Amino acid sequence: MTRIDAKFAALKAEGKKAFVAYIMAGDPDYDTSLEVVKGLPGAGVDVIELGLPFTDPMADGPTIQAAGQRALDQGMTLKRTLDLARSFRETDHTTPIVLMGYYNPIYSHGVDAFLSDAKAAGIDGLIVVDLPPEEDDELCLPAQAAGLNFIRLATPTTDDKRLPRVLQNTSGFVYYVSITGITGAAEAEATNVGPEVARIKSATDLPVIVGFGINTPEKSRAIASVADGAVVGSAIVSQIGAGKPVLEVLEFVKTLADGAHSV
């Protein structure tokens, strides 16, 4: 059982929904980023999504793209991202970390070396948005064999024919993308999301967490009410990008977490 599996089992036992927060590793710089990550559990975050900076982030909107560029400009790399996770693990052994990014940096690092290094750094799961199920032999299956969850995205265009393929080797949870398009491009609506979550849950026992387009405590609560939890990324990253003090960023995160947990 991974930390992700254990966290969702504990939340289910408590009758609670999950709150997942995304931040870009190394944004606006390594030290500030680490300080934010270390503060997330205390702000009510159940699972941390740690963005891996990349030069060509095709699924990300302007806010996340800018964060990735800021991190890259500060010299952030895959190795330093894993160093950040390792530093977090020195004081927190229970909060799951999901590394979210693209395949190119992993491929360049070498799959076997990456999986060994990621596991040693305390990474629990991977979301690699540009590797479809047809490429499961490339990273998904080796990751699962190494004890890491491989989390897949489902979208409004994932129809009933495609869904079983998407779910086949997914573990940890399913990430439902609430809108068509890039991060931060539109707002999620619970009335649209609810039926889609139900459709996915009819095909899997995994928790279904919803992200993209959630930017207020009210929206976090509404989405969590029709799913197993909510993910917020761009709204948090915007606070960091605006230069808000870490404490202020974490206070904002807490309002979002409280929204998801109030269901």
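See above for the structure.
So, how was this worked out
Residues numbered from 1 in each chain as written. Predicted model: local features only at pLDDT ≥ 70, side-chain atom pairs only at ≥ 80, totals over all residues. Heavy atoms only, no water. Buried < 20%, exposed > 50% of the residue type's maximum accessible area, 1.4 Å probe, protein only. Helix = DSSP H or I, 4+ residues; strand = E, 2+ residues; numbered from the N terminus. Arc of directions from axis to C-beta. Contact = heavy atoms within 4.5 Å. Phe/Tyr/Trp six-rings, centres within 6.5 Å; stacked < 30°, edge-to-face > 60°. Polar contact = N/O pair within 3.5 Å; in protein donor to acceptor, adjacent residues only side chain to side chain. Pairing = 2+ DSSP bridges. Axes fitted to C-alpha atoms, helices over the stretch in contact; angles between N-to-C directions.

Draft legend 1. Representation of helix H6 (residues 111-121) within the structure. Every buried residue belonging to H6 is among Val111, Phe114, Leu115, Ala118 and Ala121, and all of these are buried. Summarising the axial view, the buried residues of H6 lie within an arc of 135°, below the 170-degree limit, and thus occupy one face. The exposed residues of H6 that point more than 90 degrees off its buried face are Asp112 and Ala120. Looking at the buried positions of H6, the neighbouring elements they touch are helix H4 (78-89), strand E3 (97-101), helix H5 (103-109), strand E4 (125-128) and helix H7 (140-145). A positive phi of about 95° marks Gly122, the residue just after H6.

Draft legend 2. Geometry of the packing of aromatic side chains. As enumerated under the stated definition, the model contains four aromatic pairs in all. Plain terms: the ring middles of Tyr175 and Phe212 are 6.1 Å apart, the flat faces sit at 90° to each other, and that makes the pair edge-to-face. Residue Tyr175 is found in strand E7 (residues 174-177), and its partner Phe212 is found in the loop between strand E8 (208-211) and helix H10 (217-224); the two are separated by 37 residues along the sequence. For Tyr175, a relative accessible area of 3% gives the class buried. Take Phe212: its relative accessible area is 10%, and that puts it in the buried class.

Draft legend 3. Molecular detail of the side chain of Thr2. Within the element layout of this structure, Thr2 appears in the segment before helix H1 (3-14). Its relative accessible area of 15% is what places Thr2 among the buried residues. A polar contact of 3.1 Å, which involves the side chain of Thr2, links it to the side chain of Asp5.

Draft legend 4. Quick peek at the side chain of Thr170. The topology assignment puts Thr170 in the loop between helix H8 (163-167) and E7. Assessed through its relative accessible area of 10%, Thr170 is described here as buried. Of the polar contacts made by the side chain of Thr170, one reaches the backbone oxygen of Val166; its length is 2.7 Å. Not counting the four nearest positions on each side in its chain, Thr170 is found in contact with Gln144, Phe150, Ile151, Arg152 and Leu206.

Draft legend 5. Just the sheet that holds E3, in detail. With respect to topology, nine strands assemble into an open sheet ordered E5-E4-E3-E2-E1-E9-E8-E7-E6, the strand pairing being parallel. Taken across any chain shown, the strands that pair with only one partner, and hence form the sheet edges, are strand E5 (149-150) and strand E6 (153-154). In the sheet, E8 pairs with strand E9 (residues 229-232) via two bridges, with the strands oriented parallel. Paired with Ile209 across the bridge in E9 is Gly229. Running at roughly 145° to E8, helix H9 (residues 190-201) makes contact with E6, E7 and E8 of the sheet.

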